[in-house]
Amino acid sequence: MPEGHIIHRLAGENHRAFADRPVRVSSPQGRFAEGAVLLDGRALDEAEAHGKHLFLGFGDDWVHIHLGLYGGFTFGTGQAPDPVGLVRLRMANDDGYADLRGPNTCELIGPGEKKSVHARLGPDPLRADADPEAAWRRISRSSITIAALLMDQKVLAGVGNVYRAEVLFRLGISPHRLGRNLWRVEWDAIWADLVALMYDGAGAGRIDTVRPEHTPEAMGRPPRVDDHGGEVYVYRRSNMPCLVCRTPVRTESHAGRNLFWCPSCQRQ
DNA sequence: GCTCTATGCGAAG
DNA sequence: TTCGCCTAGAGCT
């Protein structure tokens, strides 16, 4: 259940495990059977992430994967065991294996289709070719909230519910501000903070956003780590005291997703 | 066993 | 704005 930092990490893990050697490809569940037959025994050439989309390249054939809410990869070493649960895609060689379960998308595409996926995604803070100006052009003209804009993958690729809540908290910006009411310096700060947070997240495999001066140790409080594995200011902390000002964290359903913010630290 | 939840997204209304 | 969809684990009866 990943945001973009995990997808970049997965690109690296798949590349390390399977690049440049023949891969045994199968679909124990059967829903990627045709693709598996076509790829079986071929070598993985490239693994690439753009936002929450993962691309595994076998020559001109690409596996396009989107994990959705509950998709996930499991990696293991040695001989692959009998599949547990619904394994859509299994890749294996003599050293190890990877199982993909529950993805929203797992499909074989060609270079043209891959290009069109990239074309409909906004800049990804973790990609070297990202152009934050493209996101700013849309945000600065928009009459929808910055909270909704940050989650819109056409505007910005890779940010999900955790990063949007946390970056807005860290910069003291209300999630209800409209895009066109954002200052340019605020957008620059959002982008820079996302690059730093997501880079750290990709390295650590979890999302930690709490600054050293607000950690439980620094504040003399017991540690509290969210189920997703990281330490955060507001995400999934409804009604708990803000780590900075003690005001209860608020939550509301915003465009179908839970939004979390501190009404005192994020006044406007 | 059942019900709920989740870092997502696109189609339908 | 709501629904449906992909799946597994937690917490409940």
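Keep in mind the model is a prediction, meaning the values are calculated, not measured.

## Describing the overall build of chain A
Part 1 of the reasoning: Broken down by element type, chain A carries 8 helices and 10 strands.
Part 2 of the reasoning: Over its C-alpha atoms chain A spans a radius of gyration of 20 Å, differing by no more than 12% from the 18 Å that the globule rule assigns to 268 residues.
Part 3 of the reasoning: Reported as C-alpha extents along the three principal axes, the dimensions of chain A are approximately 55 × 45 × 30 Å.
Part 4 of the reasoning: Contacts in chain A between residues far apart in sequence, at least 24 positions, make up 61% of those at least 6 positions apart.

## Considerations on the sheet that holds strand 5 (residues 72-77)
Part 1 of the reasoning: The strand order across the open sheet built from 4 strands is 1-6-7-5, with neighbouring strands paired in antiparallel fashion. One side of each edge strand has no neighbouring strand; the edge strands of this open sheet are strand 1 (24-26) and strand 5. Pairs of neighbouring strands in the sheet enclose a mean axial angle of 15°, with direction left out of account.
Part 2 of the reasoning: Sheet topology note: the strand 1/strand 6 (residues 87-92) ladder contains 3 bridges and is antiparallel. Note on strand 6: the bridge partner recorded for Ser26 is Arg90.

## Observations concerning the pairing of strand 2 (residues 46-50)
Part 1 of the reasoning: Alignment of strand 2 against strand 3 (residues 53-58), held across 5 bridges, turns out to be antiparallel. Each bridged residue has a counterpart across the sheet, and for Glu48 the counterpart in strand 3 is Phe55.

## Brief notes about the nonpolar core
Part 1 of the reasoning: Judged by nonpolar contacts, the single largest core of 40 residues is most densely connected at Tyr163, Ala165, Leu168, Phe169, Val234 and Trp261.
Part 2 of the reasoning: Looking at this core, the elements with two or more residues in it are helix 4 (132-139), helix 5 (146-151), helix 6 (161-170), helix 7 (184-204) and strand 10 (257-261).
Part 3 of the reasoning: Here Ala165 is in contact with Val234, Tyr235, Leu259, Phe260 and Trp261, once residues within four sequence places are set aside.
Part 4 of the reasoning: In terms of nonpolar packing, the next biggest core, distinct from the first, is built from 28 residues, Ile6, Val23, Ala49 and Cys106 among them.

## So, the UniProt feature "domain: FPG-type" (unreviewed entry) in chain A
Part 1 of the reasoning: Feature annotation in UniProt places "domain: FPG-type" (unreviewed entry) on residues 233-267, given in this structure's numbering.
Part 2 of the reasoning: As annotated, residues 233-267 has a helix share of 0% and a strand share of 29%, and its two end C-alpha atoms lie 16 Å apart.

## Here we look at the protein's contact with DNA strand C
Part 1 of the reasoning: Near DNA strand C you find Gln29, Gly68, Leu69, Tyr70, Gly85, Leu86, Arg88, Arg101, Gly102, Asn104, Ala255 and Gly256, and these make up its full shell.
Part 2 of the reasoning: Of the residues assigned to the surface near DNA strand C, the class counts are 4 nonpolar, 6 polar and 2 charged.

## Topic: the sheet that holds strand 4 (residues 61-66)
Part 1 of the reasoning: Strand order in the open sheet formed by 4 strands is 2-3-4-8, with antiparallel pairing between adjacent strands. Unpaired on one side and paired on the other, strand 2 and strand 8 (105-109) mark the two borders of the sheet. Adjacent strand axes in the sheet meet at a mean angle of 20°, parallel and antiparallel pairs treated alike.
Part 2 of the reasoning: Relative to the sheet, helix 1 (residues 4-18) contacts strand 2 and strand 3, its axis offset from that of strand 2 by approximately 180°.
Part 3 of the reasoning: Running over the sheet, helix 3 (residues 111-119) touches strand 2, strand 3, strand 4 and strand 8 and is turned about 35° from strand 4.

## Section: helix 4
Part 1 of the reasoning: Along helix 4, the residues that are buried comprise Ala135, Trp136 and Ile139. The buried residues of helix 4 all sit within an arc of 100° when viewed along its axis, so they share a single face. Those residues of helix 4 that are exposed and aimed more than 90 degrees away from the buried face are Glu133 and Arg137.
Part 2 of the reasoning: In this structure, the buried side of helix 4 is in contact with helix 5 and helix 7.

## Observations concerning the domain arrangement of chain A
Part 1 of the reasoning: Domain annotation of chain A identifies domain 1 (4-119) and domain 2 (132-261).
Part 2 of the reasoning: Placing the centre of domain 1 and that of domain 2 at their C-alpha centroids yields a distance of 30 Å.
Part 3 of the reasoning: On the side of domain 2, 8 residues touch domain 1, which itself brings 7 residues to the contact.
Part 4 of the reasoning: A per-class count over the side of domain 1 that touches domain 2 returns no nonpolar, 5 polar and 2 charged.

## Considering the protein's contact with DNA strand B
Part 1 of the reasoning: Taken together, 19 residues form the shell around DNA strand B, and within it Glu3, Lys52, Gly160, Asn161 and His228 come nearest.
Part 2 of the reasoning: Counting residues per element, the ones that place at least two in the surface near DNA strand B are helix 6 and strand 10.

## Some points on the packing of helix 1 against helix 7
Part 1 of the reasoning: In the contact formed by helix 1 and helix 7, the axes pass within 8 Å of each other and the chain directions differ by 45°. Considering their axes alone, helix 1 and helix 7 lie oblique with respect to each other. Relative to helix 7, the crossing made by helix 1 is right-handed. Contacts between helix 1 and helix 7 pair Gly4, His5, His8 and Arg9 from the former with Met198, Gly201 and Ala202 from the latter.
Part 2 of the reasoning: Along the lines of polarity and charge, the residues of the contact of helix 1 with helix 7 split into 2 nonpolar, 4 polar and 1 charged.

What counts, and where the lines are drawn
- Residues numbered from 1 in each chain as written.
- Chains lettered and ligands numbered in written order.
- Predicted model: local features only at pLDDT ≥ 70, side-chain atom pairs only at ≥ 80, totals over all residues.
- Helix = DSSP H or I, 4+ residues; strand = E, 2+ residues; numbered from the N terminus.
- Rg over C-alpha atoms; globule rule 2.2 N^0.38 Å.
- Contact = placed C-beta atoms within 7 Å.
- Pairing = 2+ DSSP bridges.
- Axes fitted to C-alpha atoms, helices over the stretch in contact; angles between N-to-C directions.
- Core = buried A, V, L, I, M, F, W, Y, C linked by C-beta atoms within 7 Å.
- Buried ≥ 20, exposed ≤ 12 C-beta atoms within 10 Å, placed from the backbone.
- UniProt positions renumbered as here; feature names shortened; annotations may be inferred.
- Near = placed C-beta within 6 Å.
- Nonpolar A, V, L, I, M, F, W, Y, C, P; charged D, E, K, R; others polar.
- Arc of directions from axis to C-beta.
- Domains from an automatic or database assignment.
- Parallel < 35°, antiparallel > 145°, perpendicular 65-115°, else oblique.
- Left-handed = near helix turned anticlockwise from the far one by under 90°.

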